[in-house]
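# Descriptive structure summary
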Amino acid sequence: MDFVIFILAMGALIVGADFIVNQSERIALRFNISEFVIGATIIALGTSLPEMAASISASVSGKPEIALANAIGSNIFNITLVLGVIFLISKSINPNRDFFAKDTTWALVPIMLFLLMSIDGIISSFDAILLLCLMGAYILFLLNDCHNLDENNIEELKAEEDSFGWLKILLLLSIGFVFVVIGAHFAIESASSIALDFGLSEWVIGIIMISFGTSLPELVISISAALKGKVDMAIGNIIGSNLANTTLVIGSAALVKDLPISLTDNVFDIATMVAATILLIYITANKLYSKPAGIALLIILALFLEHTFKTMVTT
């Protein structure tokens, strides 16, 4: 029964996030916000809502391992699985934006900050405020690119003008938030029960089951954007989502309650997140948006999954 509840709860999270993302994108287009900024902020924050809701719920429930594992696992899945698949399925990737010069540093800085904060074994409320400030700084940085619509955006905006209605949008946004909050609560509770039933640690459940489930919105939306030729939006979504996971998700959960963390106990998972981020920076620096790069990312994912399953067997 716990598995059924977990699947239904994850479904509610994903549907709720989809509602929020779609309506937020319409609002962004209405106000002439560029395609990349939509991907890196509106859609990235929207697709990170499941992670944030799940981690806050875990923190409230006194399950800090799930709160942290969810964010770390989501960062790993976003880069290795989502970007890996995008690189494999895309015929050619020629983004308009120089991601290395402008954006990928923002993916590494919060992770380095997170590592420094973790050395003393706890992510405190003060640490949380610093992480949230960093997310605010990134949003301010992106505001410089706000009014830079391309032709595709303009066409979408014209198509939306006749159907745009604040009442409908606010209603759908509200429904989306309700789905996300309720889904997060039941996802955490059912996942904890599953962990107990199978003798698994809450960290393992968070790093695999919950983080993969909450990464599905990024996977679906980024692949859809890539297939439509909106590569900037797809990559922007991943960079923005990972930044949000490390700052907004962990920061929000730590504001609720201090999060204890052991770097030594979870060194492989944290090292995998750092390695995946460094590989992302290397790919963008050399513009290696190709199938070989996708395979390299999926190899990191395979190593991560193999190590996690070994841990599950020996637990």
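About the cut-offs
- Residues numbered from 1 in each chain as written.
- Predicted model: local features only at pLDDT ≥ 70, side-chain atom pairs only at ≥ 80, totals over all residues.
- Heavy atoms only, no water.
- Axes fitted to C-alpha atoms, helices over the stretch in contact; angles between N-to-C directions.
- Helix = DSSP H or I, 4+ residues; strand = E, 2+ residues; numbered from the N terminus.
- Parallel < 35°, antiparallel > 145°, perpendicular 65-115°, else oblique.
- Left-handed = near helix turned anticlockwise from the far one by under 90°.
- Contact = heavy atoms within 4.5 Å.
- Nonpolar A, V, L, I, M, F, W, Y, C, P; charged D, E, K, R; others polar.
- pLDDT = per-residue confidence, 0-100.
- Phe/Tyr/Trp six-rings, centres within 6.5 Å; stacked < 30°, edge-to-face > 60°.
- Buried < 20%, exposed > 50% of the residue type's maximum accessible area, 1.4 Å probe, protein only.
- Expected span 1.5 Å × (residues − 1).
- Salt bridge = Lys/Arg side-chain N within 4 Å of Asp/Glu carboxyl O.
- Bend = angle between axes of the 7 residues up to and from the residue.

## Looking at the packing of helix H10 (residues 202-227) against helix H11 (residues 231-256)
At their nearest, the axes of H10 and H11 sit 7 Å apart, and the two run at 155 degrees to each other. In this view, H10 runs roughly antiparallel relative to H11, as classed from their interaxial angle. Crossing of H10 against H11: the hand is left-handed. Facing Glu-218, Ile-221, Ser-222, Ala-225 and Ala-226 of H10, the residues of H11 in contact are Val-231, Met-233, Ala-234, Asn-237, Ile-238 and Ser-241. The residue makeup of the contact of H10 with H11, split by class, is seven nonpolar, three polar and one charged.

## Structural notes on the confidence of the model for the protein
The share of residues in the protein with pLDDT of 70 or more is 85%, and the mean pLDDT across the chain is 81. Within the protein, no element has a lower average pLDDT than helix H8 (residues 151-161), which sits at 50, and none a higher one than strand S1 (residues 122-123), at 95.

## Overview of the packing of aromatic side chains
Scanning the model with the defined rule gives six aromatic pairs in all. The interplanar angle of 50 degrees and the centroid separation of 5.2 Å between the aromatic rings of Trp-106 and Tyr-138 together place this pair among those described as tilted. In this pair, Trp-106 is assigned in helix H6 (residues 104-118) and Tyr-138 in helix H7 (residues 125-142), connecting sequence segments 32 residues apart. Accessibility classification places Trp-106 together with Tyr-138 in one group, the buried group. An aromatic cluster of three or more residues is present, and its members are Phe-77, Phe-212 and Phe-304.

## Observations regarding helix H12 (residues 267-285)
Taking 1.5 Å per residue, 19 residues should reach 27 Å; H12 reaches 27 Å between its end C-alpha atoms and fits that length. Once H12 finishes, Lys-287 follows within two positions and takes phi at roughly 55 degrees, a positive value.

## Points about the pattern of salt bridges
Taken as a whole and assessed by the stated rule, the structure comprises one salt bridge. With a shortest N-O distance of 3.1 Å, Lys-310 and Glu-306 are connected by a salt bridge. Of this pair, Lys-310 and Glu-306 both sit in helix H13 (residues 291-314), separated by four residues, roughly a single helical turn. Classification of Lys-310 by relative accessible area gives exposed; the value is 52%.

## Observations concerning H11
An ideal rise of 1.5 Å per residue puts 38 Å on 26 residues; H11 measures up with 36 Å between its terminal C-alpha atoms. The sharpest bend along H11 measures roughly 40 degrees and falls at Ala-244.

## Section: unusual backbone geometry
Positive phi values are uncommon outside glycine, yet Lys-287 reaches one of about 55 degrees. In this fold, Lys-287 is placed in the loop between H12 and H13.

## Section: the environment of Ile-235
Tracing the chain through its elements places Ile-235 in helix H11. Distance from Ile-235 to Leu-83, taken between C-alpha atoms, is 7.5 Å for residues 152 residues apart in sequence. Beyond its immediate stretch of four places on either side in the chain, Ile-235 contacts Leu-83, Phe-99 and Tyr-289.

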